[in-house]
Amino acid sequence: MTAEATAAETAARPGEPLVVLDHVDKHFGSLHVLQDIELTVNRGEVVVVIGPSGSGKSTLCRTINRLETIDDGSITLDGEPLPAEGKALARLRAEVGMVFQSFNLFAHKTILENVTLGPTKVRGMKKAEADKLAKELLDRVGVGHQADKYPAQLSGGQQQRVAIARALAMQPKVMLFDEPTSALDPEMIKEVLDVMVDLAKQGMTMVVVTHEMGFARTAADRVVFMADGAIVEENTPEEFFTNPQSARAQDFLGKILKH
């Protein structure tokens, strides 16, 4: 199946709930990092999570593919509860693409090999088919000409675009981005955000934790504002940025939009 066909299939039933967090709580020791989180992400929706450092944004993102366990509540993906361990958890992680701050590419494998590894090992795809898909995706994120190079030979922005292609190669139902541009030099940020904007336009369901307010304004269907482990406010980008309802959001925006 081509990358475009996968995107089309994902977008075919827009509006249905895909990821549902219901009364989710999480502690790190005495620190209550997620407090009674209720959030529904619909198929084809781009939800951008913003807020001050330490507000629980990354933890929230990491619970959706069970990189972090939860203490209370439930999380479902496409109507199914997240499995605890074993093969079912591996299958879940194949359905949920994840792009981190650090690119986490295998240094000893070429760019092409990094992208084909998941489809061949986890999805059981034949090598020729995986190579074809990987080349399509690398072209799509603008690094197709780098396929035979190793990660260290690429810039940070290029490596992050490879990481996005690698996640897409698993043909996930939802993509999670945990501050994907925070480790990049300023001139590389735009090239990664451009790829993410294109994905959003093609109907990929996305949960994006970011400090990039421009991306939140242009690509989000909904902005979720977190502070102190709780969702304080959620709204359309237009409403949130022009008319924040909570004092906490007003204070946050006042600080960041002045610079």
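Below or above, wherever it landed, is the structure these notes cover. Because the structure is predicted, anything quoted here is derived from the model rather than measured.

Turning next to the sheet that holds strand β8 (residues 205-209). On the basis of which strands lie adjacent, the open sheet formed by 6 strands has the order β6-β7-β8-β3-β9-β10 and mixed pairing. Looking at the sheet topology across the chains shown, the edges are occupied by β6 (96-99) and β10 (230-235). Neighbour-to-neighbour, the strand axes of the sheet open up by a mean angle of 20°, direction not taken into account. Two strands pair when backbone bridges link them, and strand β9 (residues 222-227) and β10 are joined in this way by 5 bridges, in the antiparallel orientation.

Here we take up the packing of helix α5 (residues 127-140) against helix α6 (residues 156-169). Interaxial distance between α5 and α6 falls to 9 Å at its minimum, and their mutual angle equals 140°. The angle between the axes of α5 and α6 places the two elements in the oblique class. As for the relative orientation of α5 and α6, their crossing is right-handed in sense. For the pair formed by α5 and α6, the contact residues are Leu133, Leu137, Leu138 and Arg140 on the first element and Val162, Ala165, Leu168 and Ala169 on the second. Tallied by class, the residues present in the contact of α5 with α6 amount to 7 nonpolar, no polar and 1 charged.

This brings us to the pairing of strand β1 (residues 17-28). Sheet topology note: the β1/strand β2 (residues 31-42) ladder contains 8 bridges and is antiparallel. For Lys26, the partnering residue across the bridge sits in β2 and is Leu34. The hairpin turn running from β1 into β2, its antiparallel successor, is 2 residues long, and Gly29 in that turn takes a positive phi close to 60°. Inspection of the sheet shows β1 paired to strand β4 (residues 72-77) by 5 bridges, in the antiparallel sense.

Taken as a whole and judged by the stated rule, the model has 3 aromatic pairs. Aromatic pair Phe225 and Phe240: ring centres 5.9 Å apart, planes at 35°, arrangement tilted. Taken together, the residues Phe225 in strand β9 and Phe240 in helix α9 (residues 237-242) connect sequence positions 15 residues apart. Looking at Phe225, the relative accessible area reads 0%, which means it is buried. Taking 5.3 Å as the distance between ring centres and 85° as the angle between the ring planes, the aromatic pair formed by Phe240 and Phe241 counts as edge-to-face.

Here we come to the environment of Lys149. Among the secondary structure elements, Lys149 is positioned in the loop between α5 and α6. A sequence separation of 36 residues divides Lys149 from Glu113, and the C-alpha atoms of the two residues are 9.9 Å apart. In this view, Lys149 contacts Thr110, Ile111 and Leu154; residues no more than four positions away in its chain are not counted.

Direction vectors running N to C along helix α4 (residues 111-121) and α6 enclose 25°, while the axes themselves pass 8 Å from each other. Viewed along their axes, α4 and α6 adopt a mutual orientation that is roughly parallel. In this structure, the crossing between α4 and α6 has a hand that is right-handed. Along its contact with α4, which presents Ile111, Asn114, Val115 and Pro119, the element α6 presents Val162, Ala165, Arg166 and Ala169. Of the residues in the contact of α4 with α6, the class split is 6 nonpolar, 1 polar and 1 charged.

What counts, and at which threshold
- Within each chain, residue numbers correspond to sequence positions counted from 1 in written order.
- Given that this is a predicted model, residues contribute local features only at a pLDDT of at least 70 and side-chain atom pairs are listed and counted only at 80 or more, while totals for whole chains, interfaces and linings are drawn from all residues.
- The side-chain figures draw on all heavy atoms in the structure; neither hydrogens nor water molecules are used.
- Pairing between strands requires that DSSP locate at least two bridges from one strand to the other.
- Only DSSP runs of H or I reaching four residues or more are called helices, and only runs of E reaching two or more are called strands; each is numbered from the N terminus.
- Angular values range over 0 to 180 degrees, each being the angle between N-to-C directions of two axes fitted as lines to C-alpha atoms, with helices fitted over their stretch in contact.
- Roughly parallel covers angles under 35 degrees, roughly antiparallel covers those over 145, roughly perpendicular covers 65 to 115, and oblique covers all other angles.
- Crossing handedness follows the turn of the near helix against the far one: under a right angle anticlockwise gives a left-handed crossing, and clockwise gives a right-handed one.
- Contact definition: two residues touch when any of their heavy atoms are within 4.5 Å.
- Residue classes follow a fixed rule: Ala, Val, Leu, Ile, Met, Phe, Trp, Tyr, Cys and Pro count as nonpolar, while Asp, Glu, Lys and Arg count as charged, and any other residue, Gly among them, counts as polar.
- Each Phe, Tyr or Trp ring (for Trp, its six-membered ring) is paired with any other whose centre lies within 6.5 Å, and the angle between the two planes then decides the class: stacked below 30 degrees, edge-to-face above 60, tilted in between.
- Residue burial is assigned from relative accessible area. The probe radius is 1.4 Å, only protein chains are included, and a residue is buried under 20% of its type maximum, exposed over 50%, and partly exposed in between.

Read these as layout, nothing more, since geometry by itself doesn't imply function.
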